[in-house]
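# Overview (structure and organization)
In case you want the letters, here they are:
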Amino acid sequence: MAKDSRQIEGGLFPRKVVPVLIPMPAERAYSYALPEGVDAGPGQIVQVPLGPRLVSGIVWDGEADVINPDKLREITQVFDCPPIVEPMRRFIDWVSAYTLSPPGLVARMALRAPAAFDPEPMIEALRLTDVRPERLTAARERVLEHAGNGLAWSKSGLAHAAGVTPSVIDGLAKQGVFEPVKLPPPPVVAAPDPDFSPPALQAGQREAAEALRETVAKAGFSATLLDGVTGSGKTEVYFEAIAEAVQAGRQVLILLPEISLTAQFLDRFHARFGTRPAEWHSELAPRMREKVWRQTAEGQVKVVAGARSALFLPFADLGLIIVDEEHDPAYKQEDRVFYNARDMAVVRARLANIPVVLASATPSIESRVNAAQGRYQHLLLESRYAEAELPDLKLVDLRRHAPARGGFLSPVLLKAIEETLARKEQSLLFLNRRGYAPLTLCRVCGHRFECPQCSSWLVEHRFREQLQCHHCGHTERTPNACPSCGTLDHLAACGPGIERIAEEADRHFPDARVIVLSSDMMGGTKRLRIELEAIAKGEADIVIGTQLVAKGHNFPLMTLVGVVDADLGLSNGDPRAAERTYQLLSQVTGRAGRTGRKSHGLIQTYQPQHPVMQALASGDPQAFYERETDERNRAALPPFGRLASVIISAATRPEAETHARGLRAAAPVMPGIMVLGPAEAPLALIRGRHRFRLLVHGERGRDMQGFIRQMLSRGPKLRGSVQVQVDIDPQSFL
DNA sequence: AGCACGCCGACT
DNA sequence: GTCGGCGTGCTC
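Keep in mind that this is a model prediction, so the values were computed, not measured. As a convention, each chain's residues are numbered from 1 in the sequence order in which they are written. Chain A is the first chain written and ligand 1 is the first ligand written, with later ones labelled in order. Local features in this predicted model are restricted to residues of pLDDT 70 or higher, and side-chain atom pairs are both shown and tallied only at a pLDDT of 80 or more, whereas totals for entire chains, interfaces and linings draw on every residue. Side-chain calculation: all heavy atoms of the structure are included, whereas hydrogens and water are not.

Attention now goes to the overall build of chain A. Strands here are runs of E lasting at least two residues and helices are runs of H or I lasting at least four, both read from the DSSP assignment and numbered beginning at the N terminus. Along the backbone of chain A there are 19 helices and 33 strands. Split into buried and exposed, the 734 residues of chain A put 52% on the buried side. The contact criterion used is simple: two residues touch if any of their non-hydrogen atoms lie within 4.5 Å. A fraction of 74% describes how many contacts in chain A between residues 6 or more apart in sequence connect residues 24 or more apart. Note that accessible areas follow from Shrake-Rupley with a 1.4 Å probe, and for residues the cover is restricted to the protein chains shown. Accessible surface computed for chain A: about 32900 Å², of which carbon and sulfur atoms make up 51%. Burial classification: accessible surface area is computed with a 1.4 Å probe over protein chains only, and a residue below 20% of its type maximum counts as buried, one above 50% as exposed, and the rest as partly exposed.

Our focus in this paragraph is the packing of helix 7 (residues 234-247) against helix 8 (residues 263-273). Inter-axis angles, ranging from 0 to 180 degrees, are taken between N-to-C directions of lines fitted to C-alpha atoms, where helices are fitted over the stretch in contact. The N-to-C vectors of helix 7 and helix 8 enclose an angle of 55 degrees; their axes lie 11 Å apart at closest approach. What the angle tells us is that helix 7 and helix 8 run oblique. Crossing handedness for the pair helix 7 and helix 8: right-handed. On helix 8, the residues touching Thr-235, Glu-236, Tyr-238, Phe-239, Glu-240, Ile-242 and Ala-243 of helix 7 are Phe-265, Arg-268, Phe-269, Arg-272 and Phe-273. Class assignment of the residues belonging to the contact of helix 7 with helix 8 gives a composition of seven nonpolar, one polar and four charged. Roughly parallel means an angle under 35 degrees; roughly antiparallel, over 145; roughly perpendicular, 65 to 115; everything else is oblique. Crossing handedness follows the turn of the near helix against the far one: under a right angle anticlockwise gives a left-handed crossing, and clockwise gives a right-handed one. For this classification, Asp, Glu, Lys and Arg are treated as charged, while Ala, Val, Leu, Ile, Met, Phe, Trp, Tyr, Cys and Pro are nonpolar and the rest, including Gly, are polar.

Attention shifts here to the UniProt feature "domain: Helicase ATP-binding" (unreviewed entry) in chain A. UniProt positions are given in the numbering used here, feature names are shortened, and annotations may be inferred rather than shown by experiment. Here the UniProt-annotated "domain: Helicase ATP-binding" (unreviewed entry) positions come out as residues 215-381. What you have in residues 215-381 is 37% helix and 27% strand, and the ends, taken at the C-alpha atoms, are 17 Å apart.

Near DNA strand C you find Met-24, Tyr-30, Ser-31, Tyr-32, Pro-49, Leu-50, Gly-51, Ile-67, Lys-71, Leu-72 and Arg-73, and these make up its full shell. In the interface set of DNA strand C, defined as its atoms within 4 Å of the protein, sugar plus phosphate atoms amount to 58%. Note that a sugar or linking oxygen of DNA strand C is positioned 3.2 Å from one of the backbone N or O atoms of Gly-51. In the surface near DNA strand C, the residues fall into seven nonpolar, two polar and two charged. To be near a molecule or strand, a residue needs just one of its heavy atoms within 4 Å of it. Pairs of N or O atoms are called polar contacts if they sit within 3.5 Å, as long as, within protein, a hydrogen donor faces a hydrogen acceptor (for residues adjacent in sequence, only side-chain-to-side-chain pairs).

This part covers the confidence of the model for chain A. Note: pLDDT gives the predictor's confidence per residue, expressed from 0 to 100. In the predicted model, chain A carries a mean pLDDT of 84, and 83% of its residues have values of at least 70. The low-confidence segment residues 1-11, where pLDDT is below 50, has 27 contacts with residues more than four positions distant or belonging to other chains. pLDDT under 50 marks residues 725-734. Its contacts with residues more than four places away, or in other chains, come to 50 contacts.

This brings us to the protein's contact with DNA strand B. Taken together, the residues surrounding DNA strand B are Met-24, Pro-25, Arg-53 and Arg-336. Restricting attention to atoms of DNA strand B within 4 Å of the protein, one finds that 18% of them are sugar or phosphate atoms.

According to the domain assignment, chain A contains domain 1 (17-111), domain 2 (123-183), domain 3 (203-381), domain 4 (392-438 + 495-631) and domain 5 (641-728). The start and end points of each domain follow an automatic or database-based domain assignment. Centre-to-centre separation of domain 1 and domain 3, based on C-alpha positions: 29 Å. The interface of domain 1 with domain 3 comprises 21 residues on the first partner and 21 residues on the second. Once two parts are put together, the accessible area they lose, assessed with a 1.4 Å probe and summed over both, is termed the buried area. Summed over both partners, the interface of domain 1 with domain 3 comes to about 1700 Å²; 76% of that surface belongs to carbon and sulfur atoms.

What follows deals with the sheet that holds strand 24 (residues 475-477). A sheet is described by the order of its strands in space; here three strands give the open sequence 22-23-24, paired in antiparallel fashion. Of all strands in the sheet, those bounded by a partner on one side alone are strand 22 (459-461) and strand 24. Pairwise comparison of adjacent strand axes, ignoring direction, gives a mean angle of 30 degrees for this sheet. When DSSP locates at least two bridges between a pair of strands, those strands are taken to pair. Pairing of strand 22 with strand 23 (residues 466-468) involves three bridges; the strand directions are antiparallel. When the sheet's bridge partners are listed, Glu-460 is paired in strand 23 with Leu-467.

A word on the pattern of salt bridges. We define a salt bridge as a side-chain nitrogen of Lys or Arg found within 4 Å of a carboxyl oxygen belonging to Asp or Glu. Enumeration according to the criterion identifies 31 salt bridges in this entry. One salt bridge in this structure joins Lys-16 and Asp-39, with 2.7 Å as the shortest N-O distance. Of the two residues, Lys-16 is situated in strand 2 (residues 11-21) and Asp-39 in the loop between strand 3 (30-33) and strand 4 (45-50); the sequence distance between them amounts to 23 residues. By relative accessible area, Lys-16 is classed as partly exposed at 28%. Looking at Asp-39, the relative accessible area reads 53%, which means it is exposed. A salt bridge links Arg-272 to Glu-240; its shortest N-O distance comes to 2.9 Å. With Arg-272 in helix 8 and Glu-240 in helix 7, this residue pair connects regions lying 32 residues apart in the sequence. Side by side, Arg-272 and Glu-240 carry an identical accessibility label, which is buried. Through salt bridges that share partners, Asp-61, Glu-86, Arg-89, Arg-90 and Asp-93 make up one connected network.

Now the structure itself:
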């Protein structure tokens, strides 16, 4: 440790100086002096003065920087809190280096529970003494009866149990019948019981579960891809791995995409382990957040189910990580610290020397490749659970089976809906586009309605009589007259949205009960839950939905799925477009066929030869995955090269584009750097500023950061900011 | 990330 | 003449 000497009244008092990571984007830990008689080792959470305020930080490893002694300030408090363990500290360092973000910002994610660093207050409780009351009333008798088991009770708890008012207990306490005792705060969740309700597993499941249990029992780092079609019982299988880890007394983290963290999942866990896991997500109430954080750090909470940020919880003794739906793009965080929680989970597991399980029905290309190359253990669940059977999928070639003029449902799909209605079964129509129509134009002058802020098309929402920009949230009232030429009632809606599909379905099947589900639905999540329950009870015949219907929710009565436009999203410049489309459509069509009844899927497309469509129709994605892997290999995209994206933001779109062009032109100057062109999010409006994103392929992110700074300093002065984000690179961390 | 300092437009 | 916008810089 560095020593600082300070002259105080003629004497020399050396003070111990330690590095402290501050929740702020500084490149290094700051140096702070420890007050005399106080010690704090690496991992200890402390409070330090920073400018005019006090912040909390983590004492870091290594030597503190030697700084100007006049600037050196003292740690103001060492919290009574378990220190952040060594593997977690190495994890923070690793994520910082990998994502090119300052370590303090990464540490900040681990300290997201401001009031949790002080111990939870003890609970005031009462315990029966040997003293008996002078006069015994009926109420007092009931209280004594309930409290007679030797346990301590909270005042209100005992009053409630005995059916008396708290004043009865006050009276008894005054006479010394009860003595006050302090109890430790109650755990947020009960301890899970690994033997609570072991499931009866099917043949395929049993072997996979056995393999996972062995992996967990062996301990040590390993990564396993648990790959099984929808409905094959992946959850039951990884629950067995969890049971093994819990049995060994270690902690478990289950990562889920935010949207999958539903009551349904928690109930399933409860059914298996007799208690719910602790939850961790953005909606958690602050008080609860603190309790979960604290009890996780103390090792009291054994299982946490959480969204991606749960990866930064300070587990005392983490023994297993599960990443469910590992392909889900929601694992990517794209602000401040850019990371993919799935990949970082593998890193955390490696640094903690524990197993990690990645589960998905439609694994990402990266994970497939890692499994194929033997980096990950590969467990395959091939058959569907119980009577559930995958729907048989057929492509509908829209060139041959064109919908009627002004419509979007082909005769083939309409006939299938009709037959499904006749059998009194449910149909699901999927279209990943909210609103009525994605483009509105004037039939007289050709004027297109564009967003005044970001120049993308405005989407008509006919039900709300609004035009909305799905990029920046701008809305305006749908006008009657063209704002350009003034002609009345000559506006034409182009292309379909789910509202328009609902209109078409109503027209063809006026007696059918149609429900529209989308994320912008009036009434929010509460209304959505009600609608979902109604659907499950059979109170709808045709469900029309966006992306939202692909996730989590089960529709037990659904026997037909129609994909209205399977080509949507295939040509948006995203290098993962094909993969995403395949995953999305597999999940949507997987919603059907859980009834035991024969179910069907019809996929409308103009490109029936496209590898995605072929993979869906054949039910065998192997060829598609191989082809996609080859393509990426050729383009040096993940998983084969390090990929970074540069985000340029500027005040206007032309400005952003100018800078983007400049960067692309300058890229060849820098050896090893290749700019691949606008992709993934070609244009997005964030806080009123235009952003232009390029994917850059290069080996060393930090070099690239320097290169971009240099390049921009040579060119015209940039208005706006440049950020470099390193995207996935699963090969470099194993 | 916060928060202060500092330099140019519309206003009590 | 001030109040207030956000650009730049600093925090052990």
